[in-house]
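Coordinate inspection notes
Read off the chains here:
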Amino acid sequence: MSHRVAMLRGDTVYRIHWEPGTDVLVGVCHCGAERGSEDPADLWDWLLAHPDGHAPPAAVSPPTADRQPVGAAHD
Amino acid sequence: MTFARNHWYVAAYGREIGRELFARTVLGEPLVLYRSEEGEVVALADRCVHRRYPLSESRLEGDTIVCGYHGFTYDKTGSCVFVPGQERIPRTARVPSYPVVEQDSFVWVWIGERDRADRELIPRAPWLADPAYTTVCGMEPLAARSELLVDNLMDLSHETYLHGGYIGTPEVANTPITTEVDEDNRIIYVSRHMDDAACPPFYAKSTGIDGRITRWQDIEYHPPCLYLLHSRVAPVGVLPEADGSDPHGFHVEVVYAITPETEHSTHDFWAVARDFALDNQEVSAFLRDSNRAVVLQDVTALDILERVIQTEPPDRQELSINIDTGGLAARRILKRMVAEAGEPAKSAAT
Ligand code: FES
Ligand SMILES: [Fe+2]
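Residues numbered from 1 in each chain as written. Chains lettered and ligands numbered in written order. Predicted model: local features only at pLDDT ≥ 70, side-chain atom pairs only at ≥ 80, totals over all residues. Heavy atoms only, no water.

**Points about the overall build of chain B**
Summing up its helical and strand segments, chain B has five helices and 17 strands in all. Whereas a compact globule of 350 residues would reach a radius of gyration of roughly 20 Å, chain B reaches 22 Å, a difference of no more than 12%. Dimensions of chain B, computed from C-alpha atoms along their principal axes, come out at roughly 75 × 50 × 40 Å. Each of the 350 residues in chain B was classed as buried or not, and the buried ones make up 54%. With the model as given, the accessible surface of chain B reaches about 16200 Å², and the carbon-plus-sulfur share is 52%. (Helix = DSSP H or I, 4+ residues; strand = E, 2+ residues; numbered from the N terminus. Rg over C-alpha atoms; globule rule 2.2 N^0.38 Å. Buried < 20%, exposed > 50% of the residue type's maximum accessible area, 1.4 Å probe, protein only. Areas by Shrake-Rupley, 256 points an atom, 1.4 Å probe, with all protein chains shown as cover.)

**A closer look at the confidence of the model for chain B**
In this model, chain B carries a mean pLDDT of 93, and residues with pLDDT of at least 70 account for 95%. Scored by ipTM, the complex comes to 0.89, with pTM at 0.92. (pLDDT = per-residue confidence, 0-100.)

**What to know about the interface of chain B and chain A**
Counting residues at the interface gives 39 residues for chain B and 34 residues for chain A. Summing the contributions of chain B and of chain A, the shared interface buries around 3100 Å²; its carbon and sulfur component is 59%. When the buried area of chain B at its contact with chain A is split by residue, B:Glu180, B:Asn322 and B:Arg332 rank highest and sum to 20% of it. Summed over the shared surface of chain B and chain A, the result is two salt bridges. Of the charged contacts, one joins B:Glu180 and A:Arg15 as a salt bridge, the two residues approaching to 2.6 Å between their closest N and O atoms. (Contact = heavy atoms within 4.5 Å. Buried area = accessible area lost by both parts, 1.4 Å probe. Salt bridge = Lys/Arg side-chain N within 4 Å of Asp/Glu carboxyl O.)

**What to know about the packing of aromatic side chains**
All names here are of chain B. Taken as a whole and assessed by the stated rule, the structure comprises eleven aromatic pairs over all chains. Each ring, one from Tyr203 and one from Phe276, has its centre 6.2 Å from the other, and the planes form 50°; the classification is tilted. Of this pair, Tyr203 sits in helix H3 (residues 201–207) while Phe276 is found in the loop between strand S17 (265–274) and helix H4 (281–310), placing the two residues 73 residues apart along the sequence. By the burial criterion, Tyr203 is buried, and Phe276 matches it. Put simply, the rings of Phe202, Tyr203, Phe250, Phe276 and Phe286 touch in pairs and so form one group of aromatic residues. Above the ring of Tyr13, the side-chain terminus of Arg15 is found at 4.6 Å from the ring centroid. Above the plane of the ring of Trp216 lies Arg232, whose end atom (NZ or CZ) is 5.1 Å from the centre. (Phe/Tyr/Trp six-rings, centres within 6.5 Å; stacked < 30°, edge-to-face > 60°. Lys NZ or Arg CZ within 6 Å of the ring centre and 35° of its normal.)

**Concerning H4(B)**
Note on helix geometry: an α-helix contains 3.6 residues per turn, so any two residues three or four positions apart are oriented the same way. Over its 30 residues, H4(B) runs 42 Å from end to end, which matches the ideal 44 Å to within 8%, given 1.5 Å per residue. Two to three positions downstream of the cap, the backbone nitrogen of B:Glu282 sits 2.9 Å from a side-chain oxygen, assigning the N-cap of H4(B) to B:Asn280. (Expected span 1.5 Å × (residues − 1). Polar contact = N/O pair within 3.5 Å; in protein donor to acceptor, adjacent residues only side chain to side chain.)

**Quick look at the coordination of the iron ion (ligand 2)**
All names here are of chain A. Coordination of the iron ion (ligand 2) by the protein comes from Cys29 (SG), Cys31 (SG), His50 (ND1) and His54 (ND1), over a distance range of 1.9 to 2.4 Å. Relative to the metal, the four donor atoms surrounding the iron ion (ligand 2) lie at angles of 98 to 122°, and the coordination shape comes out tetrahedral. Between consecutive donors of the iron ion (ligand 2), the numbers of intervening residues give the motif C-x1-C-x18-H-x3-H. Residue class for Cys29 comes out buried when judged on its relative accessible area of 4%. Look at Cys31 and you get partly exposed, because its relative accessible area is 21%. (Donors = N, O, S within 2.8 Å, 3.2 Å for Na, K, Ca; no water. Tetrahedral: all angles 85-135°; square planar, octahedral: opposite > 155°, others 65-115°.)

**Describing the environment of A:His17**
Residue and element names in this part refer to chain A. If you trace the backbone, His17 turns up in strand S1 (residues 13–18). When its relative accessible area of 3% is taken as the criterion, His17 is described as buried. Separated by eleven residues in sequence, His17 and Ala6 have C-alpha atoms that sit 9.7 Å apart.

**Some words on the sheet that holds strand S11 (residues 134–142) of chain B**
Read from one edge of the open sheet, ten strands run S3(A)-S2(A)-S1(A)-S12(B)-S13(B)-S14(B)-S15(B)-S16(B)-S17(B)-S11(B), paired in antiparallel fashion. Two strands in the sheet have a free side with no partner beyond their single neighbour: strand S3 (34–37) of chain A together with S11 of chain B. Here the strands of the sheet are splayed against their neighbours by 15° on average, with no regard to which way each runs. Alignment of S1(A) against strand S2 (residues 25–28) of chain A, held across four bridges, turns out to be antiparallel. Bridge pairing in S2(A) links A:Trp18 to A:Leu25. (Pairing = 2+ DSSP bridges. Axes fitted to C-alpha atoms, helices over the stretch in contact; angles between N-to-C directions.)

**A few points about the packing of helix H1 (residues 146–154) of chain B against helix H5 (residues 325–341) of chain B**
Residues and elements named next belong to chain B. H5 packs onto H1 with a crossing angle of 145° between their chain directions and a minimal axis gap of 8 Å. Seen along the crossing, H1 lies across H5 with a hand that is right-handed. Between H1, through Val150, Asp151 and Met154, and H5, the contact on the second element is made entirely by Gly326, Gly327, Ala330, Arg331 and Leu334. When its residues are assigned to classes, the contact of H1 with H5 shows four nonpolar, two polar and two charged. (Left-handed = near helix turned anticlockwise from the far one by under 90°. Nonpolar A, V, L, I, M, F, W, Y, C, P; charged D, E, K, R; others polar.)

**Details of the pattern of salt bridges**
Residues and elements named next belong to chain B. Per the counting criterion, the structure on display carries 22 salt bridges over all chains. A salt bridge links Asp46 to Arg47; its shortest N-O distance comes to 3.7 Å. Given a relative accessible area of 27%, Arg47 falls into the partly exposed group. A salt bridge links Arg331 to Glu318, with the shortest nitrogen-to-oxygen separation between them at 2.9 Å. Here Glu318 lies in the loop between H4 and H5 and Arg331 lies in helix H5, a separation of 13 residues in the sequence.

Below, the structure written as structure tokens:
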């Protein structure tokens, strides 16, 4: 997968990356845990169950955001 | 399905509300809106306490509404200040009034417990009232539940099928998509960033870019009501500055306000703001016509879908695939918001 986009900057952001044309989604938790899946509903279940079943890698550098969400009333 | 009460919803564009009484139903609650002599927007329940005649079918006299049936008269707060033929005004003679904030060209109303209405909670769409942008906008009535519109807007891949020829471009189909959920702030963000794409003729002509472009299409959904689609076009490799400003990009900000009218109908507000070719009427006409055409195609499809769903049991099976990633995230948050609507306020936990 090419570089991963990350736009939101909150402390509890869950991400799912998908490259159309491939079948695999990659879920990435804010804790760094990661998992591939072919079912988005299952993947959200796993992500949002944090910390259950999440084993983050030893060192994670948080992704940087290119821009802040504009519609947020305050941050 | 009940509603996500205790949230702000767009009831109207500010320009729709003047010195005429204006009726609109939001979350199943009929409202009457008008602008006071001072210019502030007033929203009251649209039913006279006497025999439930719609106040919107009545007369505005100064800042009071005189019921068109027997003349009960209500002030801006909904208190009855006159009843016909007697001195005494019954203590319970008042209609509910709704907190209102005018912001970003919209009239936002709070549906829920009055004392929880905090204007800081209203998500922003600053472009719509910004002189550095030109905006075209409209509202289409949708005879379908609001969740169907949310599903529809969270997945732009349907544009190839439903909107062939309007907004699809070939690169879109092969662009990685990232879906993000900010649990605490309740934002869903879906990014499609094309690093190197052909410039559609519309953009080439209206921005003056020649050559290939970096093209971003980012959805930012603030459930329940506000949906933003940031469309950014810039010469290849040109990115926003570190501080978030973006002087070399061209922006089209598509804004939807998704306001349930009833459990089976929705007000579909749409607006398109741009920061280039500001005075170009042709560009305005193109954006207005193409976006409206797209909205109407969605309305037609969702009206059909609503009719089908109503004939089926509520636990019907669906099949979700990768394109539904964003829609599934939105549904989860909306479901939670509906569940919370029946709970007491967090701050009043005694
Ligand atoms: S119904 Fe309004 S005054 Fe009788
Ligand atoms: Fe986790």
